[in-house]
Structures are given as C-alpha cells and as structure tokens.
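The chain contents come next:
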Amino acid sequence: MKLTSKLPVLLICCLFFGLQACSVKYSFTGTNINYDLVKTFTVENFFNDSGGGPANMEQLFTESLKEYYQRNTQLELVRSNGDLQFAGAINRYSLTPQSAVSSNDPNLPDRAGQMRLTIAVEVEYINLTNEEENLRRTFSFFQDYDPRTTTLLDVESQLVEEIFENIIQDIFTATVANW
C-alpha cells in the first residue's frame, strides 16, 4: 500500500486523538467549581449590624444566599464545616436623598425628588480546598424610589429583595465564578 492511501486515515486518527486530549468545561452558570474536590457549602446566619431595615432582613439574606447557591451549583448545603463557607453581616442600611424638588413656595422647604436605599453586606468566604480564593469583602447595591408618589413602607420589601439579588449575584461571581 502506498503512503498516500494511508494518509487520510492517519490524518483522521491524529485529529481524533488530538481532540480527545483537549478538554473544555462549560457551565451555564459560569462556575469553575471542581466538583471532585468541592462537594458542600455552609452559610452561617448573617447578622444585621446596620441598625436599620425590616426585622427579618438578615434571615431573608441568609436564606436567599443559600437558595441561590443551591439553584446555581451542584453543591450540597450542610449545617457546618462545608468545603465552601460563608459568614458575615449586613453593615449598612441607609436612605439618602438624591435630587431636590423645589416647592415653589418660600414658606415650604424643598423636598427630595428621589430617595436611595443602599444596603451593604460584609462577607467572609472560606474555601477549604483552595485557601488562595478566601476573601473578606463588602458588597453593596442600591435602588431608588420616588418619595412623592410612594412611601418607603410601600416599597421597602421589594427594594430589599432587588438589592439582595444583585449583592448575591456579585458574591457568586466573586467566589465561585472568578470573573
């Protein structure tokens, strides 16, 4: 047999074995967790050290964080000593005016046209399988509302949930997505 007749077969075999040696991992959630090493996670109860917010805010944050990791990873939630560990506190809950609206009356004060609710959460993340990934960082986010058309009591729970969603996504990205 001539070499030219073996060449296509040889080329196909080399290509096949070459592709077998390549390995690319894709994840729809963007994680880079090695599930052979990391199997569990623990979330300690977060505390509200901010002095403000709804009474159940720390519980809402803790449970939301647990649920997010359960939905977006294959990790098992355990009570203690997880391979990944989260702890921390809500350390800021503040309302600040963002823009003033003139009352057009010299006897009445100007009012806030927008109010901003800002929440900050300090997180300590420990990765027992890779200590280089450990971090202690504050994550914060805000939402605005119009105090002329609604009160904080009317929108507070919705704003807190939206802010927590963004903070938790940031925590996820910083810890297991490593973007």
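Rules used throughout
One numbering rule holds for all chains: residues counted from 1, following each sequence as written. Local features in this predicted model are restricted to residues whose pLDDT is 70 or higher, and side-chain atom pairs enter the listing and the counts only when it is 80 or higher, whereas totals over whole chains, interfaces and linings include all residues. Hydrogens and waters are ignored; side-chain quantities use all the structure's heavy atoms. Only runs of H or I of at least four residues qualify as helices and only runs of E of at least two qualify as strands under DSSP, and these elements are numbered from the N terminus. Classification of residues uses two cut-offs on accessible area relative to the type maximum, computed with a 1.4 Å probe and protein chains only: under 20% is buried, over 50% is exposed, and between them is partly exposed. A contact between two residues is defined here by any heavy atoms of the two lying within 4.5 Å. A fitted line through C-alpha atoms represents every axis, and for helices the fit uses only the stretch in contact; the resulting angles, taken between N-to-C directions, go from 0 to 180 degrees. For this classification, under 35 degrees means roughly parallel, over 145 means roughly antiparallel, 65 to 115 means roughly perpendicular, and everything else is oblique. Each crossing is labelled by how the near helix is turned from the far one, with a counterclockwise turn of less than a right angle marking it left-handed and a clockwise turn marking it right-handed. Any residue that is not Ala, Val, Leu, Ile, Met, Phe, Trp, Tyr, Cys, Pro, Asp, Glu, Lys or Arg is counted as polar, Gly included; the first ten are nonpolar and the last four charged. Every residue carries a pLDDT, the predictor's confidence in it, which falls somewhere between 0 and 100. Here a salt bridge means any side-chain nitrogen of Lys or Arg lying within 4 Å of a carboxyl oxygen belonging to Asp or Glu.

1. Details of the overall build of the chain
Reasoning step 1: A tally of regular secondary structure across the chain gives three helices and six strands.
Reasoning step 2: Each helix and strand of the chain, placed in order from N terminus to C terminus, yields the pattern α-β-β-α-β-β-β-β-α.
Reasoning step 3: In the chain, which comprises 179 residues, the proportion classed as buried is 33%.
Reasoning step 4: Taking contacts inside the chain between residues at least 6 apart in sequence as the whole, the part at least 24 apart equals 71%.

2. Overview of the packing of helix H2 (residues 57–72) against helix H3 (residues 152–177)
Reasoning step 1: Between H2 and H3, the shortest axis-to-axis distance is 10 Å and the interhelical angle comes to 50°. When the axes of H2 and H3 are compared, the pair comes out oblique. With respect to the hand of their crossing, H2 and H3 are arranged in right-handed fashion. From H2, Met 57, Leu 60, Phe 61, Ser 64, Leu 65, Tyr 68, Tyr 69 and Asn 72 reach across to H3, where they touch Val 160, Glu 161, Phe 164, Ile 167, Ile 168, Gln 169, Ile 171, Phe 172, Thr 175 and Val 176.
Reasoning step 2: Class assignment for the residues of the contact of H2 with H3 results in 13 nonpolar, four polar and one charged.

3. Some details on the side chain of Thr 118
Reasoning step 1: With respect to the secondary-structure elements, Thr 118 resides in strand S5 (residues 111–127).
Reasoning step 2: Beyond its immediate chain neighbours, meaning those up to four positions away, Thr 118 contacts Arg 92, Tyr 93, Ser 94, Phe 141 and Phe 142.

4. Quick notes on the confidence of the model for the chain
Reasoning step 1: On average, the chain scores 85 in pLDDT, and the residues at 70 or more come to 75%.
Reasoning step 2: For the stretch residues 18–29, pLDDT sits under 50, and the model shows two contacts to residues farther than four places along the chain or on other chains.

5. Focus on the pattern of salt bridges
Reasoning step 1: Using the criterion set out here, one finds five salt bridges in the structure.
Reasoning step 2: Note that Glu 124 and Arg 136 form a salt bridge whose closest N and O atoms lie 3.0 Å from each other. Of this pair, Glu 124 sits in strand S5 while Arg 136 sits in strand S6 (residues 135–145); the two residues are twelve residues apart in sequence, bridging distant segments of the chain.
Reasoning step 3: Look at Arg 136 and you get exposed, because its relative accessible area is 57%.
Reasoning step 4: Of the charged contacts, one joins Asp 146 and Arg 148 as a salt bridge, the two residues approaching to 3.0 Å between their closest N and O atoms.
Reasoning step 5: Among the ionic contacts, a cluster of salt bridges with common partners joins Glu 122, Glu 124 and Arg 136.

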